[in-house]
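The lines below spell out each chain.
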Amino acid sequence: MIRKAEEADIPAILGLLRQVLAIHAEGRPDIFKKIGYKYDAGELKSVLSEEGRSTFVYTSDDGEVLGHCFCVAITQK
């Protein structure tokens, strides 16, 4: 199921972001460090509530978050 992310999903999203970082660091250690993060829990909470941005999660049948997607709406003037 794909649904809009909620605050309760933050730990799972942070875990997925750590997995992505590890894959990047393994493939390109000259660019990516194994330690670090894109967002901390507080920043991710802000991202989830920011106007013009949407975050979605993909969950298993039992509700486990298996994937995420950050979306940004860009409007032209």
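Structure first, text after, so check above.
Since the model is a prediction, treat every value here as computed from it, not as a measurement.

In this structure, strand 2 (residues 53-59) lies alongside strand 3 (residues 65-72), joined through seven bridges in antiparallel fashion. Across the sheet, Thr-59 pairs through a bridge with Val-65, a residue of strand 3. The loop that links strand 2 with its antiparallel partner strand 3 comprises five residues; one of these, Gly-63, has a positive phi angle of about 95°.

One can find Lys-45 in helix 2 (residues 41-49). Note on Lys-45: relative accessible area 43%, which makes it partly exposed. Residues Lys-45 and Asp-9 lie 36 residues apart in sequence; the distance between their C-alpha atoms is 9.7 Å. Other than its neighbours up to four places away in sequence, Lys-45 contacts Glu-7 and Ile-10.

Another aspect to go through is helix 2. Regarding helix 2, the residues found buried are Leu-44, Val-47 and Leu-48. Looking straight down helix 2, one finds its buried side chains confined to an arc of 100°; they lie on one side. Of the surrounding elements, those touching the buried residues of helix 2 are helix 1 (10-27), strand 2 and strand 3. For helix 2, the side-chain oxygen to backbone nitrogen distance between the N-cap and Gly-42 is 3.0 Å, and the N-cap itself is Asp-40.

Next up on the list: the sheet that holds strand 3. What the three strands build is an open sheet, ordered 1-2-3; its pairing is antiparallel. Of all the strands in the sheet, the pair left with one neighbour each is strand 1 (2-4) and strand 3. Adjacent strand axes in the sheet meet at a mean angle of 25° when their direction is disregarded. Its contacts with the sheet place helix 1 against strand 2 and strand 3, and it is angled at close to 90° to strand 3.

Conventions and cut-offs
- Residues numbered from 1 in each chain as written.
- Predicted model: local features only at pLDDT ≥ 70, side-chain atom pairs only at ≥ 80, totals over all residues.
- Heavy atoms only, no water.
- Pairing = 2+ DSSP bridges.
- Helix = DSSP H or I, 4+ residues; strand = E, 2+ residues; numbered from the N terminus.
- Buried < 20%, exposed > 50% of the residue type's maximum accessible area, 1.4 Å probe, protein only.
- Contact = heavy atoms within 4.5 Å.
- Arc of directions from axis to C-beta.
- Polar contact = N/O pair within 3.5 Å; in protein donor to acceptor, adjacent residues only side chain to side chain.
- Axes fitted to C-alpha atoms, helices over the stretch in contact; angles between N-to-C directions.

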